[in-house]
Amino acid sequence: MPAADLAALRTALERAGIASLQRNYLDPRAADAFQFDVTYLGVTVTADEGVIPAPLRPVVDQLSRLLG
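In this report, the structure presented in the accompanying data block is examined. Please read all numbers here as calculations on a predicted model, not as lab measurements.

## Thoughts on the overall build of the protein chain
Counting secondary structure elements, the protein chain contains 2 helices and 3 strands. The helix and strand sequence of the protein chain, counted from the amino end, reads α-β-β-β-α. For 68 residues, the compact-globule formula gives about 11 Å, and the C-alpha radius of gyration of the protein chain, at 12 Å, lands near that figure. For the protein chain, the spread of C-alpha atoms along the principal axes amounts to about 40 × 25 × 20 Å. For the protein chain, the residues scored as buried account for 32% of the 68 residues in total. Of the contacts made within the protein chain by residues no fewer than 6 positions apart, 44% connect residues no fewer than 24 positions apart.

Following this line, the structure appears as C-alpha cells:
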C-alpha cells in the first residue's frame, strides 16, 4: 500500500473515534446487505451498509476504494 494511502487511512481511523462508537450497527430488516467489521487498536465495530455511523463512513469508503 502506498504510504499516502496508509496515512490517509490511519487519519480516518483516528478521526472516527472507534472506541467511542457502539460495537454494532446492524439493521434487523437487512436481508441482503454488506456488513463491515472494522478493527482498530483492538476495538471492532460492525455495521451493515445502510446504517454505517457517520464517523466511520470515511474509513469504510477508503477501505472500499483500496480493496475494490
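## Thoughts on the side chain of Thr46
Inspection of the secondary structure puts Thr46 in strand E3 (residues 43-48). Those residues in contact with Thr46 that lie beyond four places of it in its chain are Arg23, Asn24, Tyr25, Leu26, Gln35, Phe36 and Asp37.

## A few points about helix H2 (residues 57-67)
For H2, every residue scored as buried is listed here: Val59, Val60 and Gln62. The arc enclosing the buried residues of H2, seen along the axis, measures out at 165 degrees, which places them on a common side. Buried residues along H2 sit against helix H1 (3-16) and strand E2 (35-40).

How each quantity is defined
Each chain has its residues counted from 1, running along the sequence as written. Two thresholds apply to this predicted model, a pLDDT of at least 70 for residue-level local features and 80 or more for giving and counting side-chain atom pairs, whereas whole-chain, interface and lining totals are computed over all residues. Excluded from the side-chain calculation are hydrogens and water; included are all heavy atoms of the structure. Strands are runs of DSSP state E lasting at least two residues, helices are runs of H or I lasting at least four, and both sets are numbered from the N terminus onward. Computation of the radius of gyration draws on C-alpha atoms, with the globule rule given as 2.2 Å multiplied by the number of residues to the power 0.38. Here's how the labels work: a residue is buried when its accessible area is under 20% of the maximum for its type, exposed when over 50%, partly exposed in between, all with a 1.4 Å probe on protein chains only. Contact criterion: two residues are considered in contact whenever any of their non-hydrogen atoms come within 4.5 Å of each other. Starting at the helix axis, one direction is taken to each C-beta atom, and the arc is that of these directions.

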